[in-house]
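# Survey of secondary and tertiary structure
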Amino acid sequence: MTKVACLGQDCRPAQGCISKKLGVKSCESQAPVAQPEKCSPAGSFDVSSSTADEQIAESFIRQAMEIIVDEAVKKATNVQEKVCEWHSPEQLKKLLDLELRDRGEPESEILQRCRDAIRYSVKTSHPRFFNQLYAGMEPYSMVASFIAEAVKTNLYTYEVAPVFTLMEDAVLRKMIKVIGWEEGGDGIFNPGGSLSNIYAVNLARYRYCPDFKEVGMFSAPRLVILTSQECHYSISKGAALMGIGTKNVYTVPTDERGRMIPSALEEKIKLAKSEGAVPFMVNATAGTTVLGAFDPIDEIADICEKHNLWLHVDACWGGAAIMSKKHKHLLKGIHRVDSVAWNPHKMLMASLQCSAFLVRDKTSLLQRCHSARASYLFQQDKFYDVSYDTGDKSVQCSRKPDAFKFWLMWKALGSRELEQRVDRALAMARYLAEEIKKREGFRLVLEPEFANVCFWYLPPSLRNLPESPELWKKLHTVAPVVKQRMMKTGSMMTGYQPLGEKANFFRMVVISPQVSRQDLDFVLDEIHNLGKDL
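Conventions and cut-offs
Residues numbered from 1 in each chain as written. Predicted model: local features only at pLDDT ≥ 70, side-chain atom pairs only at ≥ 80, totals over all residues. Heavy atoms only, no water. Helix = DSSP H or I, 4+ residues; strand = E, 2+ residues; numbered from the N terminus. Buried < 20%, exposed > 50% of the residue type's maximum accessible area, 1.4 Å probe, protein only. Contact = heavy atoms within 4.5 Å. Areas by Shrake-Rupley, 256 points an atom, 1.4 Å probe, with all protein chains shown as cover. Lys, Arg positive; Asp, Glu negative; His and termini not counted. Charge placed at Lys NZ, Arg CZ, Asp CG, Glu CD. Salt bridge = Lys/Arg side-chain N within 4 Å of Asp/Glu carboxyl O. Pairing = 2+ DSSP bridges. Axes fitted to C-alpha atoms, helices over the stretch in contact; angles between N-to-C directions. Phe/Tyr/Trp six-rings, centres within 6.5 Å; stacked < 30°, edge-to-face > 60°. Lys NZ or Arg CZ within 6 Å of the ring centre and 35° of its normal. UniProt positions renumbered as here; feature names shortened; annotations may be inferred. Patch = residues over 30% accessible without salt bridge, like charges linked within 9 Å, V, L, I, M, F, W, Y side chains within 5 Å.

For the rest of this paragraph, the subject is the overall build of the protein chain. The secondary structure content of the protein chain amounts to 16 helices and 14 strands. Relative to its full complement of 534 residues, the protein chain shows a buried share of 50%. Looking at the protein chain alone, contacts between residues at least 24 apart form 71% of all its contacts between residues at least 6 apart. Entry remark: accessible area of the protein chain is about 25800 Å², with carbon and sulfur atoms responsible for 53%. Distance from the positive charge centre (69 side chains) to the negative charge centre (65 side chains) of the protein chain: 2 Å.

It is worth spelling out the pattern of salt bridges at this point. Summed over all chains, the structure comprises 37 salt bridges. Between K400 and E149 there is a salt bridge whose closest N-O contact spans 2.6 Å. One end of the pair, K400, is in the loop between helix 12 (365-370) and helix 13 (403-438); the other, E149, is in helix 5 (residues 139-151), with 251 residues separating them in the sequence. E449 serves as the salt-bridge partner of R259, at 3.9 Å between the closest nitrogen and oxygen. Pair noted here: R259 is in the loop between strand 6 (249-252) and helix 10 (262-274) and E449 is in the loop between strand 11 (442-444) and strand 12 (452-457), with a separation of 190 residues, a long-range link.

The next point concerns the sheet that holds strand 7 (residues 278-285). Pairing within the open sheet is mixed, and its seven strands lie in the order 4-10-9-8-7-5-6. For this open sheet the edge positions go to strand 4 (186-190) and strand 6, each flanked by a neighbour on one side alone. Averaged over neighbouring strand pairs, the angle between their axes works out to 20 degrees when direction is ignored. Relative to strand 10 (residues 355-359), strand 9 (residues 339-342) runs antiparallel, the two sharing four bridges. Along strand 10, the bridge assignment pairs W342 with A356. The sheet strands contacting helix 6 (residues 162-179) are strand 4, strand 9 and strand 10, and the helix crosses strand 4 at an angle near 115 degrees. Docked against the sheet, helix 11 (residues 297-307) engages strand 7 and strand 8 (310-314), running at close to 160 degrees with respect to strand 8.

So, on to the pairing of strand 4. Of all five residues in strand 4, five are buried, a share of seventy percent or more. Residues D186, I188 and N190 line one face of strand 4 and the alternating positions G187 and F189 line the opposite face, and both faces are buried. Bridge analysis of strand 4 against strand 10 gives five bridges, and the strand direction is antiparallel. Bridging from a neighbouring strand, N190 pairs with S355 of strand 10.

Quick look at the environment of R421 now. Turning to its location among the elements, R421 is positioned in helix 13. In contact with R421, not counting residues within four places along its chain, are E138, M347, L348, M349, M409, L413 and P513.

Here we take up the packing of aromatic side chains. Applying the stated criterion across every chain yields a total of 15 aromatic pairs. Consider the rings of Y199 and F357, whose centres lie 5.8 Å apart with planes at 80 degrees: the pair is edge-to-face. Of this pair, Y199 sits in helix 7 (residues 193-208) while F357 sits in strand 10, placing them 158 residues apart in sequence. You can call F357 buried: its relative accessible area is 0%. Judged by centre distance (5.1 Å) and plane angle (50 degrees), the rings of F442 and Y457 are tilted. Here the residue F442 occupies a position in strand 11, and Y457 occupies one in strand 12, the gap between them amounting to 15 residues. Judged by its relative accessible area of 2%, Y457 falls in the buried class. Here a set of aromatic residues connected by ring pairs shows up, and it is made of Y158, F383, Y384 and Y388. A cation over a ring is seen here: R128 above F522, with NZ or CZ 3.8 Å from the ring centre. Here R205 stacks its cationic end above the ring of F212, 3.7 Å away from the centre of that ring.

Mapped onto this numbering, the UniProt entry gives "modified residue: N6-(pyridoxal phosphate)lysine" (unreviewed entry) at K346. For K346, the position within the fold is in the loop between strand 9 and strand 10. Look at K346 and you get buried, because its relative accessible area is 15%.

One face of the sheet, then the other: side chains in a regular strand alternate in exactly this way. For strand 12, the tally of buried residues reaches six of six residues, placing the bulk of the element in the interior. Both faces of strand 12 are covered, namely the face carrying N452, C454 and W456 and the face carrying V453, F455 and Y457. For strand 11 and strand 12, the ladder comprises three bridges, and the chain directions are antiparallel. Among the inter-strand pairings, L444 is bridged to a residue of strand 12, identified as F455. As defined by bridge partners, strand 12 adjoins strand 14 (residues 502-509) across four bridges and the pair is classed as antiparallel. Across the sheet, N452 pairs through a bridge with V509, a residue of strand 14.

Another point: the sheet that holds strand 3 (residues 129-130). Reading across the sheet, the five strands line up as 3-13-14-12-11 and stay open at both edges, with mixed pairing between neighbours. Looking along the sheet, the strands with just one partner apiece sit at the ends: strand 3 and strand 11. Sitting on the sheet, helix 15 (residues 478-489) is in contact with strand 12, strand 13 (493-499) and strand 14, with an inclination near 160 degrees to strand 13.

With that settled, consider a nonpolar patch on the surface. A cluster of nonpolar side chains, I61, M65, V143, F146, I147 and V151, forms an exposed patch at the surface whose accessible area comes to about 470 Å². Counting residues per element, the ones that place at least two in the nonpolar patch are helix 2 (51-74) and helix 5. If one sorts the elements of the nonpolar patch by residue count, helix 5 sits on top with four residues. Relative to the helices and strands, V151 resides in helix 5.

Set out below in structure tokens:
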């Protein structure tokens, strides 16, 4: 029997505690002690495994999975249930009992903790959750997530993750083909689109100045990134993180729809050069966060080729449009770019998180830029093809097999169903936009280009006021109050924000195929009911 010496602290588990059931026994079970509440320094634990312990663990997992299916799948996707059960942070702290103690809790309490975690979380799979750029319940990728957690591996070498390594390679190859890079490319899955965008900055800088990796910032002149004023904030964060500096991110003006103006980009490039700086990268956006705008990639690519600039496309949100014959024109010219960030966990609904970074380069640029050649992981004299040890392409060491979620989902649905998922989402967004036009008190910010539908709600008290700064000042206060009320009732969730000089407006993001026209009608009815007295 394997024994571990006890350190003398009070270690008797609570009755029914999982740790006790799994073979970590209190020391009074080993030998009589004068004080049963305390372990003798000479005491010990039995840490040997047993069939009974395995059965207890399996029983707990089965019970927990039943809770997940009942509460997080069935109930959370039921339109009759609340989207959220709102509590303030202080109230929620008391409800959850967050303190971590010396003794473990009984199994029954742990299972209740599981129920509470689900109960008080926002139900992002609910048909009336429209708050973010992800939504809905995707069963195949969800199961893939469960499997990945159960297998508990790490995606840095083929020897520890042979299955998932090959799956990631297959998914990346398919995505590269869909983009249109006929000669191939490279890529890696990252924990989020922000990191993919930062990878693009790093690769662009490395291509321009390879010495930067070893010598640092002293080896390069003042470098400038160019991006639209509607780009994702990760570009500025990346510039700060990598020592480029946020003031060296030059924002390019956009048109009334939020799209980068190519002629303005050309002017910004000339400005940077006239200041003695070196533009090295342009970031275009395919599907901006708020308006869902698509920068004109083809025209931007012409400019980048002219000035020998790295062109990255942040298609984290809008990349899914390329799956649709009807809508892929939004990404016209994407085959000409140097790198793409694309999040299948958004429009395509893979479970969070599932984010790909794709590079047109085939010369191992990704590997050369990020490699550290750790000899305890990436030995070159292994007995298999070490090109499948992809971990050195990443700035991380530990990396989850996120590609498996997309692979299993794609296997189950096929490209045609993924295309239909995109087409349906955009059709539903168009339906909502048309309904907004018909309703008194609702006004579109602009015609939607993608699945983002942005609009104002004017309560009856504001509808007869003339267009004036006073009207917009009052309107600015409406959306926050309506949002507060919808959160506290739990009826639905949608976001709001200002944009430039525009007053706060609602942003509806339509994704999930579980959403019906009745749900969209409900959203407009509910906003009116919650805000009509303002």
